[in-house]
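Examination of the molecular architecture
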Amino acid sequence: MSSRRYTAAALALVLAGVVGLMTGRAQGQAPEVCWFRQLAPYGINAGVGTNRITPAAGGSVLVGGDAALACLKRTGELRWVFHFQRLLEAVADNETFIYPARQDGVNPMWVDPESELVFLGASSRVLYAIDIATGALRWSWSGARSVFESVIGADGRVHVETTDFKHWALDIATGRVLWNAEFRRVSNCQTGVFNGVLVRPNIDGLIFGLNATSGAYLWQGTQQLDVVQQLWEPDMPFRTFPEYPLGLAYVSDSSGDVVAIDLTTGKYVWRVAAAAGYNTKWNHRMNLELWGDLLIVHSQGFISFAPGGDKGIIMALNALTGERLWIRDDVYPSLCGMTVSQGLLVYSAFIQPYEGDKYGPGPVNNKIQLVALHEDGSEAWKIESNNKVCTGSLQELDGIVYYMYTNTTSAANVMEIMALPAAPRGGARACPAGVLSPDPEPVPPTPAKPMMTAPAASDGPYCWKQTMAFKPLASPATDNKYIYVQDNAGLIMAIDIRSGEAAWKATAGPGSVSMAYPTNILLAEGLLFLGTAASEVQVRNASTGHLLWRRQSGSRPNYPNLYPSFYGYPAYANGIMYIGTPDAYINAYNATTGEEVWSYYIGVYRPDTVQYSAEDNLVYAISHDADVGYSDQLTAWLLAFDATDGTVVWERKMDSFASESGFLNVVNGVMVFATNEGELRAYSAGRGGGDLLWTYSVGADKFRKQESALLVDGSRLGLNDTDVVFWGDADSSVRALRTSDLTVLWQISLRDIDVFPEVESLPPPVVWLQFTLSNGALYIPSDQGLFVVNVTNGAPLWTDLRGRINAMVLVVERPELGGAQVVYGRYLSNVDSNVPACRPNNPSGGISTLATDDSATTRFPVPSPAAVAPVPTAAPSPSPSPSQSPSPSPSTSPSPSALAPPSPKLSSAAKPSSGVGSFLPAASPAPIPTPAPTCPPCPARANCSSAPAPAPTTASMSLGLTVVSVKLLKADKSSQDRLQAAVSKLVDSKSVRVSMLSVEAVGGSSSGAAVVRLSLKASSSKALAAAVEGLQDAALDGELQAALGAKGVRGGALAAAKVRSVVVAVSP
């Protein structure tokens, strides 16, 4: 594409079209449109973007996409474009896999108003610090090994969260890592730093407060919330009050509750159920915005069904007390937030894309609104537009509102940004005319690198951890040579079952970034049968990953996908693959050619698992209504097809929702389902089946709390008079039921701390997946981790509570190793394998620290102001390839042209290195000496030097304990000595000396909680780093808790002590 400039006539036509489209559906005195820009010429393509508006450099509009960041002036004139490379990898069949950004597609960014730098957490897993005025790169940091979840900052520090549960604090001026920590759960993408306090919500509903300067633990929220996972990227609201000098921060959860948190104590000052009295659908989350003394709460989901569109709620709460001042339930829900400007609240709204009252075949019209409200909730103006979907977050600067959206009128789905005044001014122009710029030269596509994968983390044979691109939502399969897995970003992988190394990788195909559910993996006759995250049916050679054929679901004319995801298992028999697809079809395909054998349309129902029965040549399928208007999740449909020709042998409608994530177990002529009504229902199988045999009621309190069941032949358990059903629910209960007399064989609660003491500090486990039975052990996946119990009585065997398990567990018995090899996908992107020699210890505590390391930061000299002039596009920076170890990666010196002022056309010397985007090169090049880093101008408070700081050799350790008498521990020198000795055993005592400093109460001397402070003094920085890493592992893996419970340590003040947090601050 050549550079061009819009003519005045063309500009007039474009703006006239936009203004006409918008104001044609306007109510009240709608504002004029100042300007709008299509973002594709800047390398920002349709999808999900992010934006920041800042007064820096005289007013700047920053817009980020999947591979570029553009900076516009307030007039819409292009200032510069910064391009970065996405992680690309060449995979099977010469295809390319693109590693994703955050789950919603966003590359998060934050603007520091003091330094006027923008910090971009790119999908390349590199953090860039960019000068807003010039586009010059100040420094980049490549220490992240996972996707960026959030980027925020304050007080000379930029804070980043990554999806592998890590938090990093870096110096804004230099990029030096100041401290970092690891949590047990991934953070919400909405975090905040206020008055020196880092507020970090976990998605599991726990909120932590840390000292933002040192990383020291301050508090944990006093109440359990529901899932805290904000959509998009609105900033966390915060303000101070005389009653709360450090201020209140405001957070909402997925149940619609809103809380105000005192940053001094972590206590919830108030908690409001914003959706109380309304039946919210699908998405219960709330957007929040402060407006003086008001906290505005706007629902992201629908609250009621009505022809023409579902409505949401918007309300004003007293920000200090939580009192509701007004509410409106005649508005549309919002996804892209709101902003306050010119005495008005402006919010974006989303009108549901329904035809009539339900989803179904036919065109979908996406509609958006911009609405302005007065302080009393009355409407000032409203604009509605067709064929648009909002993205980013609504923001304002000096009375101008900036709104980013995707225009769906063309097949290309163009992303655009619009500027318009918040308050109309009676016909007078409220903003300057737009100034268009030539399009920058296009950046040539980056070729994928050969498949070069970082080695698996391994502790020996069958003890390994492999990393996927995102969530491994598919249950794995094995042929005893490879483990086969796939994730919801479209990565398919074969892993060596012994070493954990990748044997081959493949891609689900275009569209896999949709993050949809894939099927569980079915392996048969050397073939992999898959439903992928790209809504494709695929069959691949298991040995090589070679694709035999693919079919796109939703490609039939007038039968689009009702839902993007698969669920459960496909089936295979006699050369035929059977699978339910998102377009509501049950299909039979020739497994060799992909040719359709037969298909059956099930209408508004969504198919889950299908199962072949050789005994009667039937294919069974379970389906349920799939988000279809009035009947959402109320009914199910069980069908039996003749496997040869697809004839429906029998069908049964259920008056309750039923689903199955695992196999449809047909045992002794019976199938059992767990229903939404709190029941188990048994149906007869076979050609004369479909009859309801029995119903077992668990209780009305289990409504919508159970999903999957495992039916087992009693002979496998030594029971000759009955079969047994095993299932769990959202209340953490697990039951075993005898089918012969419907009596409970045993029942346990996974939240019972007397049985599972390791769950004490965790939210109640939610169980919804099918269990796995092997050699007398029952493997129970949950949202808090894996529980393994004795199948005959429910007695605990072992647990792994390091993260959510999203799919069924694979078990391979290995008697030569003393027990089973257990393989499972662990949140967020891990696939773990362990045997008895390397079972994970029970973790304890919520936080541990990591060793700081500065080698991943690359600094760039700052050009003199005279040499830097604003130009259309900035040259991209060389980006260090991510590596798996904290040791320095080989880097090249910036070439003279790369350090020169940015130019409109990328020179060959300034083009990114082709090494960026792979994980590890096959052979590292010889290191090239890098010039000593030059510090940019830094604030007076910063310690700025061109020489690197001395490597630290000392650190302080804060150990949080509960169930401990603080008064006794302070007085009991023997207990203190034993605790100090226990910590010393976890580090190399020859090179690191551990000393007790103090014991302090948390929340009063009678609270039963204490912080024990110790010092670490090492003989070298290397020894200190090893000690910090060892303590981190010990905290997460439970070794620290085990050390306190060891003989000779436990007793006295430590008799019942529980480790709740570990923070190690490395001295500068």
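What counts, and at which threshold
- Residues numbered from 1 in each chain as written.
- Predicted model: local features only at pLDDT ≥ 70, side-chain atom pairs only at ≥ 80, totals over all residues.
- Heavy atoms only, no water.
- UniProt positions renumbered as here; feature names shortened; annotations may be inferred.
- Helix = DSSP H or I, 4+ residues; strand = E, 2+ residues; numbered from the N terminus.
- Buried < 20%, exposed > 50% of the residue type's maximum accessible area, 1.4 Å probe, protein only.
- Areas by Shrake-Rupley, 256 points an atom, 1.4 Å probe, with all protein chains shown as cover.
- Phe/Tyr/Trp six-rings, centres within 6.5 Å; stacked < 30°, edge-to-face > 60°.
- Lys NZ or Arg CZ within 6 Å of the ring centre and 35° of its normal.
- Contact = heavy atoms within 4.5 Å.
- Disulfide = S-S within 2.5 Å.
- Core = buried A, V, L, I, M, F, W, Y, C linked by side-chain atoms within 4.5 Å.
- 1 Å grid on protein atoms, 1.4 Å probe; cavity = no way out; pocket = protein on both sides within 12 Å on 5 of 7 lines; lining within 4 Å.
- Points joined across faces, edges and corners; volume = space filled by probe spheres on them.
- Nonpolar A, V, L, I, M, F, W, Y, C, P; charged D, E, K, R; others polar.
- Expected span 1.5 Å × (residues − 1).
- Polar contact = N/O pair within 3.5 Å; in protein donor to acceptor, adjacent residues only side chain to side chain.
- Pairing = 2+ DSSP bridges.
- Axes fitted to C-alpha atoms, helices over the stretch in contact; angles between N-to-C directions.
- Salt bridge = Lys/Arg side-chain N within 4 Å of Asp/Glu carboxyl O.

Under the annotation held in an unreviewed UniProt entry, the protein carries the name Pyrrolo-quinoline quinone repeat domain-containing protein and is attributed to Chlamydomonas reinhardtii. Its UniProt record gives the protein a comment under Cofactor (unreviewed entry), which states: "pyrroloquinoline quinone".

Before going further, it helps to spend a moment on the overall build of the protein. When you go through the protein residue by residue, the secondary structure sums to six helices and 73 strands. Classification of the 1068 residues of the protein by burial places 58% in the buried group. Accessible area of the protein: about 38200 Å², with a carbon and sulfur share of 52%.

The full count for this structure, using the stated rule, is 31 aromatic pairs. With a centroid separation of 4.8 Å and an interplanar angle of 25°, the aromatic rings of Phe-529 and Tyr-572 are classed as stacked. One end of the pair, Phe-529, is in strand β43 (residues 527-531); the other, Tyr-572, is in strand β46 (residues 571-573), and 43 residues separate them in sequence. Tyr-572 shares its class with Phe-529; the two are buried. Here the aromatic cluster, defined as three or more aromatic residues joined through ring pairs, consists of Tyr-578, Trp-598, Tyr-600, Tyr-605, Tyr-612, Trp-637 and Phe-641. Over the face of the ring belonging to Tyr-332 we find Lys-311, whose NZ or CZ atom lies 5.1 Å from the ring centre.

Our focus in this paragraph is the side chain of Arg-200. Looking at the element boundaries, Arg-200 is found in strand β18 (residues 197-201). For Arg-200, a relative accessible area of 0% translates into the label buried. Sequence-distant contacts of Arg-200, that is, excluding residues within four places in its chain, are made with Glu-161, Phe-165, Phe-183, Arg-185, Val-186, Ser-187, Thr-191, Leu-206, Ile-207 and Phe-208.

This brings us to the state of the cysteines. According to the stated counting rule, one finds two disulfides in the structure shown. Disulfide pairing places Cys-336 opposite Cys-390 at an S-S distance of 2.2 Å. On the sign convention where negative means left-handed, the S-S torsion of about 90° between Cys-336 and Cys-390 marks this disulfide as right-handed. With Cys-336 in the loop between β28 (324-331) and β29 (338-341) and Cys-390 in strand β33 (residues 388-397), this pair connects stretches of sequence that are 54 residues apart. You can call Cys-336 buried: its relative accessible area is 2%.

Take the nonpolar core next. Side chains of nonpolar character tend, in soluble globular proteins, to be buried together. If you look at the biggest cluster of nonpolar residues, it comprises 38 residues, and the most contacted ones within it are Met-957, Leu-959, Leu-961, Leu-979 and Val-1012. Listing elements by their share of this core, those giving two or more residues are β70 (954-962), α3 (966-971), α4 (973-985), β71 (992-1001), β72 (1009-1018), α5 (1021-1037), α6 (1039-1044) and β73 (1058-1066). By residue number, the principal contributor to this core is α5, which donates seven residues. Listed in part, the 25 residues of the second largest apolar core include Tyr-99, Trp-464, Ala-489 and Tyr-827.

We now examine empty space enclosed by the protein. A full pass over the atoms with the stated rule returns seven cavities of 30 Å³ or more. In this structure, the second largest cavity occupies an estimated 70 Å³ of space. Around the second largest cavity, the lining is made up of 13 residues, and of these Leu-473, Asn-520, Tyr-567, Ser-661 and Leu-769 lie nearest the centre. Grouping the amino acids of the lining of the second largest cavity by side-chain chemistry returns eight nonpolar, five polar and no charged.

Below, the discussion takes up α4. For α4, built from 13 residues, the straight-helix expectation of 18 Å at 1.5 Å per residue is met to within 8% by its first-to-last C-alpha distance of 18 Å. Within α4, burial applies to Ser-975, Gln-976, Arg-978, Leu-979, Ala-982, Val-983 and Ser-984. The N-cap residue of α4 is Asp-972: its side-chain oxygen and the backbone nitrogen of Ser-974 are 3.2 Å apart.

Taken across its five residues, strand β58 (residues 724-728) has five buried, putting it largely inside the fold. The pairing of strand β57 (residues 709-712) with β58 spans four bridges and is classified as antiparallel. Note that in β58 the partner of Leu-711 across the bridge is Val-725. Here β58 runs beside strand β59 (residues 733-738); their pairing, made up of five bridges, is antiparallel. Bridging across to β59, Val-724 finds its partner in Arg-738. The loop that links β58 with its antiparallel partner β59 comprises four residues; one of these, Ser-732, has a positive phi angle of about 75°.

Right, let's talk about the sheet that holds strand β25 (residues 286-291) for a bit. Strands sit in the order β25-β26-β27-β28 across an open sheet of four strands; the sheet is antiparallel. The open sheet has two edge strands with one neighbour each: β25 and β28. With strand direction ignored, the average angle separating the axes of adjacent strands in the sheet is 15°. In terms of strand pairing, β25 meets strand β26 (residues 294-299) through six bridges, oriented antiparallel. Looking at the pairing, Leu-288 lines up with Val-297 of β26.

Taken in spatial order, the four strands of this open sheet run β50-β51-β52-β53, and their pairing is antiparallel. Two strands close off the open sheet at either side, each with one partner strand: β50 (605-613) and β53 (648-654). If you compare each strand with its neighbour and ignore which way they point, the axes differ by 15° on average. Looking at chain direction, β50 and strand β51 (residues 618-625) are connected through seven bridges and run antiparallel. Bridge pairing in β51 places Ser-613 opposite Leu-618.

The subject of this paragraph is the pattern of salt bridges. Counted according to the given criterion, the structure contains 34 salt bridges. Between Asp-583 and Arg-556 there is a salt bridge, with the nearest N and O atoms lying 3.0 Å from each other. In this pair, Asp-583 sits in the loop between β47 (576-581) and β48 (585-590) while Arg-556 sits in the loop between β45 (547-552) and β46, placing the two residues 27 residues apart along the sequence. In this structure, a network of salt bridges that share partners links the residues Asp-93, Glu-95, Glu-536, Arg-540 and Arg-550.

It is worth spelling out unusual backbone geometry at this point. Peptide bonds are trans in most cases, and residues, glycine excluded, mostly fall at negative phi. Leu-828 follows Tyr-827 through a cis peptide bond whose omega is 10°. With respect to the helices and strands, the residue Leu-828 is situated in the loop between β66 (819-826) and β67 (830-834). The phi torsion at Ala-57 lies on the positive side, around 55°, for a residue other than glycine. Residue position: Ala-57 is located in the loop between β3 (50-54) and β4 (60-64). At Asn-94, a residue that is not glycine, the phi angle is positive and equals roughly 60°. On the basis of relative accessible area, Asn-94 is assigned to the exposed category, the value being 79%.

Position of Ala-807 among the secondary structure elements: in the loop between β64 (796-800) and β65 (810-814). Each C-alpha atom, one on Ala-807 and one on Ser-475, is 5.0 Å from the other, the two residues being 332 residues apart in sequence. Apart from residues no more than four positions distant in its own chain, Ala-807 is found in contact with Pro-472, Leu-473, Ala-474, Ser-475, Leu-769 and Pro-781.

With respect to the element layout, Tyr-403 can be found in strand β34 (residues 400-407). Residue Tyr-403 is classed as buried on the basis of its relative accessible area of 1%. The sequence separation of Tyr-403 and Ser-393 amounts to ten residues, and the corresponding C-alpha distance is 7.3 Å.

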